[in-house]
Amino acid sequence: ALKYLNISTATEQSRHSDPPPPPPARVPNLIGGSFVNSQSSDLIDVINPATQQVVSQIPLTKNEEFKAAVSAAKQAFPSWRNTPITTRQRVMLKLQQLIRRDMDKLAMNITIEQGKTLKDAQGDVFRGLEVVEHACGMASLQMGEFSSNVSHGIDTYSIREPLGVCAGICPFNFPAMIPLWMFPVAVTSGNTFVLKPSEKDPGASMILAELAMEAGLPSGVLNVVHGTNDIVNAICDDEDIKAISFVGSNTAGMHIYARASAKGKRVQSNMGAKNHGIVMPDASPDATLNALVAAGFGAAGQRCMALSTVLLLLIICLWCSRENELVKRAKSLKVNAGTEPDADLGPVISKQAKERVCRLIQSGVESGARLLLDGRDIVVPGYEQGNFVGPTILSGVTEDMECYKEEIFGPVLLCMQADSLETAINIANRNKYGNGAAIFTSSGVAARKFQADIEAGQVGINVPIPVPLPFFSFTGSKASFAGDLNFYGKAGVNFYTQIKTVTQQWKDLAGGSGVSLAMPTS
Ligand code: NAD
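Residues numbered from 1 in each chain as written. Predicted model: local features only at pLDDT ≥ 70, side-chain atom pairs only at ≥ 80, totals over all residues. Heavy atoms only, no water.

K.L.:
Run through helix α7 (residues 177-188), naming residues and quoting values.
P.N.:
Compared with an ideal rise of 1.5 Å per residue, which puts 12 residues at 16 Å, α7 spans 17 Å between its outermost C-alpha atoms and is within 8% of the ideal. Those residues of α7 not exposed but buried are M177, I178, P179, L180, W181, M182, F183, P184, V185, A186, V187 and T188. Within two residues after α7, G190 carries a phi angle of roughly 105°, on the positive side. (Helix = DSSP H or I, 4+ residues; strand = E, 2+ residues; numbered from the N terminus. Expected span 1.5 Å × (residues − 1). Buried < 20%, exposed > 50% of the residue type's maximum accessible area, 1.4 Å probe, protein only.)

K.L.:
Talk me through the sheet that holds strand β1 (residues 25-26); I want residue IDs and the actual numbers.
P.N.:
What holds strands together in a sheet is hydrogen bonding between their backbones, with the strands either parallel or antiparallel. Across the sheet, which stays open at both edges, the 3 strands sit in the order β1-β5-β4 with mixed pairing between neighbours. The sheet is open, and its two borders are formed by β1 and β4 (43-47), each paired with just one other strand. In terms of strand pairing, β1 meets strand β5 (residues 54-59) through 2 bridges, oriented parallel. Bridge pairing in β5 links R26 to Q57. (Pairing = 2+ DSSP bridges.)

K.L.:
How would you explain the pattern of salt bridges if you had to name every residue and give the values?
P.N.:
Tallying each qualifying case throughout the model produces 23 salt bridges. K196 is the partner of E199 in a salt bridge, and the nearest nitrogen-oxygen pair spans 3.4 Å. What makes E199 partly exposed here is its relative accessible area of 21%. Through salt bridges with shared partners, a single network forms among D286, E325, K328 and R329. (Salt bridge = Lys/Arg side-chain N within 4 Å of Asp/Glu carboxyl O.)

K.L.:
An account of the site of the ligand is needed here, citing residue identities and associated values.
P.N.:
Close to the ligand lie 26 residues, the nearest being C170, E199, S249, M271 and E407. Interatomic distance of 3.0 Å between a backbone N/O atom of F172 and an oxygen atom of the ligand. Between the ligand and S249, the relevant distance is 2.5 Å, taken from an oxygen atom to a side-chain nitrogen or oxygen of the residue. Protein contacts shield 89% of the accessible area of the ligand, which totals 840 Å² for the unbound molecule. Elements with a contribution of two residues or more to the shell around the ligand: α7, α9 (229-237), β11 (241-247) and α10 (250-262). For the shell around the ligand, the class distribution of residues is 14 nonpolar, 9 polar and 3 charged. (Near = heavy atom within 4 Å. Polar contact = N/O pair within 3.5 Å; in protein donor to acceptor, adjacent residues only side chain to side chain. Areas by Shrake-Rupley, 256 points an atom, 1.4 Å probe, with all protein chains shown as cover. Nonpolar A, V, L, I, M, F, W, Y, C, P; charged D, E, K, R; others polar.)

K.L.:
Could you give an account of the sheet that holds strand β13 (residues 275-279), with specific residues and numbers?
P.N.:
Pairing is mixed across the open sheet formed by 7 strands, whose spatial order is β15-β16-β17-β14-β13-β19-β20. The open sheet has two edge strands, β15 (370-373) and β20 (458-461), and neither has a second partner. Adjacent strand axes in the sheet meet at a mean angle of 20° when their direction is disregarded. With 3 bridges joining them, β15 and strand β16 (residues 392-395) adopt antiparallel strand pairing. (Axes fitted to C-alpha atoms, helices over the stretch in contact; angles between N-to-C directions.)

K.L.:
Explain the packing of helix α5 (residues 118-135) against α7 residue by residue, including any values.
P.N.:
Direction vectors running N to C along α5 and α7 enclose 10°, while the axes themselves pass 8 Å from each other. One finds that α5 runs roughly parallel with respect to α7. Judged by residue contacts, D124, V125, R127, G128, L129, V131, V132 and A135 of α5 engage M177, L180, W181, P184, V185 and T188 from α7. (Parallel < 35°, antiparallel > 145°, perpendicular 65-115°, else oblique. Contact = heavy atoms within 4.5 Å.)

K.L.:
For the packing of helix α3 (residues 85-101) against α7, give the residues involved together with the corresponding values.
P.N.:
Between α3 and α7, the least distance of the axes is 9 Å, while the angle of their chain directions is 150°. Considered as vectors, α3 and α7 are oriented roughly antiparallel to each other. Contact residues: α3 offers I85, R88, Q89, M92, L95 and I99, while α7 offers L180, F183, P184, V187 and T188. In terms of residue class, the contact of α3 with α7 is made up of 8 nonpolar, 2 polar and 1 charged.

See below:
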């Protein structure tokens, strides 16, 4: 098997060393069990966001190559769906072992291509690994139901069957976790798969695909193709693809949802976010401040569950003075390349992302927010070309400001004030997104009211980033999700399977009761 990226080369690149970098590796497609270079001459650079060095290049895969990937998946489907579920599970058991073995390699690749710190990159892999572990129990997860003797000699049962070829379209911010939300559940339940990684950081997907092959996934069960809008549209339009899992921005997600649904496909689309944290006056100060700083600035704010907006309750103006405390803690964070051991946060993904983050900060300032901490002009020694933005805090933010309405997706924490829990919940509920929300309090009454009234899919009570483990589902709501079956958990299995209901009659049919044309009843 092809060994995807020369990681040691990539590591050297990140060290800002002087020798000229080697020519960038071409990222192959995986079609029918073979890693093959695309014939396309249209290439996109995969850029290390801490150094601007080109790590590799992805092709804009040609349509005939994409068709070959779908065709390989379609051919592999009949025998894979008939492979015993225990055998399919064993491939996942092996895969989880291989992911553990190659954890450091995966994490290093993520840090080089995406920018997050190595420790955070390990978390990225680990949260995906948990989905692989969960898929190892597919025989139970996929069980149907059985009702005995629904009429004389008649039983009814349901079977959860795979759909056929499914596809996944990934964002840049969790290069390992999100592909692992998708293909392990899809293939273990008997489907075959075509994965399109983010064009910004395809490396982790490629390593995972190699590991899946090493784990024994037969040729054609998992295929990987690269590209951007054209290949995504081809996925939406292809008649042989039955379901699409998408994670990314609202622009792409709503387009994919509409286009693929119109072709009769199932779509699950996880999209953007603006997650609110409500801090009650009775919240534990130290733990809450630490939680806000970690959830606001971790991964440079590039998590769909980042806590980007804090609502401080003014009932007792205790927390207002603590804005300064927040600034103090945020200031102490170390911004550096993710490969450096002391880094708390790394760069944002691209120059364009940095420009956008800085523009939204400036728009906040111009519309009257107070800039308590400004990370825009940060220069990281040794990584002067990196797309770094330091922790930034805007206070006095109001609902009409662009920085509040837009998802910033950078290390920027917005502080707002509310005079009651009710007001705070109403503010959060008026926001179009509904991915996650958290409350910090020592009052069970407040927590219970928040849990009942907040319009968000994932609710944290003294938990800043309430991403559920895989036996539950990842449940965004409002503009953060389109579809009706969420990722992983029971809903994830339901998404990748359809129900067949069987009614069987086994009784002595001798001397039957003649012909009846009436609708049968029991
Ligand atoms: P993105 O939408 O730019 O890209 C995601 C994928 O869609 C990529 O594979 C890309 O090639 C493709 N794509 C982009 N624009 C397209 C278009 N116009 N037509 C067809 N395909 C297109 O998203 P991103 O910048 O990679 O990721 C960040 C976004 O993802 C944020 O909004 C973040 O909140 C969201 N996100 C959501 C979740 C969640 O579970 N809700 C998780 C992670 C990230």
